Amino acid sequence: MTTPASAPDHESTAAPVEPHRVLVLNSGSSSVKYQLLDMRDRSRLASGLVERIGEETSRLVHTPLTGGEPRERTGRMADHDAALKAAAEELTADGLGLDSPELAAIGHRVVHGGLRFTAPTVITDEVLKEIERLVPVAPLHNPANITGIRTAQALRPDLPQVAVFDTAFHTTMPEAAARYAIDVETADAHRIRRYGFHGTSHAYVSRKTAELLGKAPEDVNVIVLHLGNGASASAVAGGRCVETSMGLTPLEGLVMGTRSGDIDPAVTFHLKRVAGMSADEIDVLLNKRSGLVGLCGDNDMREIRRRIDEGDEQAALAFDIYIHRLKKYIGAYAAVLGRVDAVAFTAGVGENSAPVREAAIAGLEEFGLAVDAGLNAVRSGEPRLISPEYARVAVAVVPTDEELEIADQTFALVAPDAVRGDN
């Protein structure tokens, strides 16, 4: 008599879960942005923002991207620990808790990595100490990044925590571009050089621009214009950054929402001697009371354009100064690259302000640049060309995705052999 085969034991024979999710954290001084991604198809499972941390009016907005309306909670969240625990509770409510075996790693945006960190790095005690040592050159950013890392480590001490550095993409700049022309011993002693920022955005957008042109990144020279409240430009030759507009800090370069960008250094001496301003007061002036808000009282490009349409001369002058600086950098980077295949606009202003794109390219026809008015007016969340077919240099709008770039770099580091999507 044949004995029937016993039913399979699904619990004992089931394959173990392969971790495939990455949580991306961007910790600011009083806010935390987060996204949870499934790296099998690079889809977003949830995202959220906690803002006004430490205030009575703290606010968390959580969006379950797999379906459902955004959820909001308000009330005091005393510190980043409370903020991240609140975010974890929202993820748990969606069945996406941080205790899930499907979570492979937590990727952290870290603004300043100096010269040591040229790639995504698993965070150890020594790595964290080095990030702390860089606080003097990133006093507004690295402390908040460190707080987010420590809080996440406490929540999941068993999980790989990965730092992805804003500065890393720019470490390929040649010394001729990275060095300031000051005494070498002084510069080296105090780590004074040009580091650049927004690196994850510049890396992602330059690569996506090449893809849009149907070419490999190593075959394309791109000028990337990351235009948000903070703004920076980069010259990318064959996938490698060779020049960028921000320097030791994010203050250098383009006119920004509240930052001055390039300025004669002697202005600071003048303000100290003549106006009696302290170093801290000058710091606040150049970082928070300059740029567009200093020129016309507004740092929202939509409001500035509305005022221009109503005949506001101060707003018009602010816009002209903003565009003039942009044109200078486009021309300078064309000279640095020698051959330009594309100019790519990205970030909030770059992606959404057709007047900025039109004005920045106007008059550069001799450089092979032009914008098609109809294509430029189209609003879309997809990468697209806005230059006419006859233009020698492509002009593109490429929405940035810094969180996806951080997730990609994090997952590639902790699961290098995993199969992942490429959409």
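How each quantity is defined
- Residue positions are given per chain, counting from 1 as you read along its sequence in written order.
- Residue-level local features of this predicted model are given only where pLDDT is at least 70; pairs of side-chain atoms are given and counted only at 80 or more, and the full residue set underlies all totals for whole chains, interfaces and linings.
- Only heavy atoms go into the side-chain values, all of them from the structure, while hydrogens and water stay out.
- UniProt positions are given in the numbering used here, feature names are shortened, and annotations may be inferred rather than shown by experiment.
- Throughout this description, buried means an accessible area under 20% of the type-specific maximum (1.4 Å probe, protein chains only), exposed means over 50%, and partly exposed covers the range between.
- Secondary structure follows DSSP: runs of H or I at least 4 residues long count as helices, runs of E at least 2 residues long count as strands, and numbering of each begins at the N terminus.
- When DSSP finds two or more bridges between a pair of strands, those strands are recorded as paired.
- As used throughout, domain bounds are those supplied by an automatic or database domain assignment.
- The contact criterion used throughout is that any non-hydrogen atoms of two residues lie within 4.5 Å.
- Summed over both partners, the accessible area (1.4 Å probe) lost when two parts come together is defined as the buried area.
- The term salt bridge refers to a pairing of a side-chain nitrogen on Lys or Arg with a carboxyl oxygen on Asp or Glu at a separation within 4 Å.
- We call two N or O atoms a polar contact when they sit within 3.5 Å, provided that within protein one can donate a hydrogen and the other can accept it, with sequence-adjacent residues counted only if both atoms are side-chain atoms.
- Throughout this description, the term nonpolar core refers to a set of buried Ala, Val, Leu, Ile, Met, Phe, Trp, Tyr and Cys residues connected via side-chain atoms within 4.5 Å.

Per an unreviewed UniProt entry, the chain goes by the name Acetate kinase and belongs to Streptomyces nanshensis. Of the comments in the UniProt record for the chain, the one headed Subunit (unreviewed entry) reads "Homodimer." In the Catalytic activity (unreviewed entry) part of its UniProt record, the chain is described as follows: "acetate + ATP = acetyl phosphate + ADP".

**Q** What exactly am I supposed to notice about the pairing of strand β8 (residues 161–165) here?
**A** Consecutive side chains of a regular strand alternate in pointing toward one face of the sheet and then the other. Most of β8 sits inside the fold, with five of its five residues counted as buried. Residue alternation in β8 divides its side chains into two sets, Gln 161, Ala 163 and Phe 165 and Val 162 and Val 164, and both sets are buried. The pairing of strand β6 (residues 103–110) with β8 spans five bridges and is parallel. Residue pairing for β8: Ile 106 is matched across the bridge by Gln 161. Sheet topology note: the strand β7 (residues 121–122)/β8 ladder contains two bridges and is antiparallel. Opposite Val 122, over in β8, you have Val 162 as the bridge partner.

**Q** What am I meant to see in the domain arrangement of the chain here?
**A** Interface size is commonly expressed as the accessible area that is lost once the parts come together. We note that the domain assignment places domain 1 (17–165) and domain 2 (215–402) within the chain. Centre-to-centre, using C-alpha coordinates, domain 1 lies 29 Å away from domain 2. Contact residues are listed per partner, giving four residues for domain 1 and five residues for domain 2. With both chains or domains summed, domain 1 and domain 2 bury close to 400 Å², and 47% of this area falls on carbon and sulfur atoms. Here domain 1 is connected to domain 2 by one salt bridge. A salt bridge links Arg 44 to Asp 401; the shortest N-O distance between them is 2.3 Å.

**Q** I keep staring at the sheet that holds strand β1 (residues 21–27) and nothing clicks. Help me out?
**A** Remark on secondary structure: sheet strands pair via backbone hydrogen bonds, oriented parallel or antiparallel. In spatial order, the strands read β5-β4-β3-β2-β1-β6-β8-β7; together these eight strands make up an open sheet with mixed pairing. Each edge of the open sheet carries a strand with a single partner, namely β5 (71–74) and β7. In the sheet, β1 pairs with strand β2 (residues 31–38) via seven bridges, with the strands oriented antiparallel. Each bridged residue has a counterpart across the sheet, and for Asn 26 the counterpart in β2 is Lys 33.

**Q** Just to check I follow, could you spell out the pattern of salt bridges for this structure?
**A** Where charged atoms from two side chains of opposite charge come close, those side chains can pair. Scanning the model with the defined rule gives 34 salt bridges in all. When the shortest N-O distance is used, the salt bridge between Glu 303 and Arg 306 registers 2.4 Å. With Glu 303 and Arg 306 both in helix α11 (residues 301–309) and three residues apart, the pair spans about one turn of that helix. Given the relative accessible area of 26%, Glu 303 is considered partly exposed. The class for Arg 306 is partly exposed, based on a relative accessible area of 36%. Here Asp 341 makes a salt bridge to Arg 339, at a shortest N to O gap of 2.7 Å. Judged by its relative accessible area of 42%, Arg 339 is partly exposed. What you see here is one network of salt bridges that share partners, running through Arg 71, Arg 73, Glu 89, Glu 90 and Asp 94.

**Q** Would you mind going over the environment of Gln 314 with me for this structure?
**A** Mapped onto the secondary structure, Gln 314 falls in helix α12 (residues 313–337). Separated by 18 residues in the primary sequence, Gln 314 and Cys 296 place their C-alpha atoms 5.6 Å from one another. The residues touching Gln 314, leaving out its near neighbours within four places in the chain, are Leu 295, Cys 296 and Arg 307. Within polar-contact distance, the side chain of Gln 314 engages the backbone oxygen of Leu 295 at 2.9 Å.

**Q** Teacher, can you tell me more about the UniProt feature "active site" (unreviewed entry) in the chain here?
**A** Within the UniProt annotation, "active site" (unreviewed entry) is assigned to Asp 166. Ignoring anything within four residues of it in the chain, the contact list for Asp 166 reads Arg 109, Val 110, Val 111, Gly 196, Phe 197, His 198, Gly 199 and Thr 200.

**Q** Whenever I open this one, the nonpolar core confuses me. Can you help?
**A** One recurring pattern in soluble globular proteins: nonpolar side chains tend to sit buried together. Judged by nonpolar contacts, the single largest core of 40 residues is most densely connected at Leu 225, Leu 227, Tyr 322, Leu 326 and Val 356. For this core, the secondary-structure elements that each account for two or more residues are β9 (221–227), β10 (231–237), α10 (291–296), α11, α12, β12 (342–346), α14 (354–361) and β14 (394–397). By residue number, the principal contributor to this core is α12, which donates eleven residues. Tyr 322 has contacts with Leu 227, Val 255, Leu 292, Met 301, Val 349 and Val 356, leaving out every residue within four places of it along the chain. Counting residues in hydrophobic clusters, the runner-up holds 30 residues, among them Met 173, Ala 210, Val 236 and Ile 406.

**Q** Just to check I follow, could you spell out the side chain of Arg 42 for this structure?
**A** You can see Arg 42 is positioned in the loop between β2 and β3 (43–51). Note on Arg 42: relative accessible area 10%, which makes it buried. At 2.5 Å, the side chain of Arg 42 and the side chain of Asp 408 are in polar contact.

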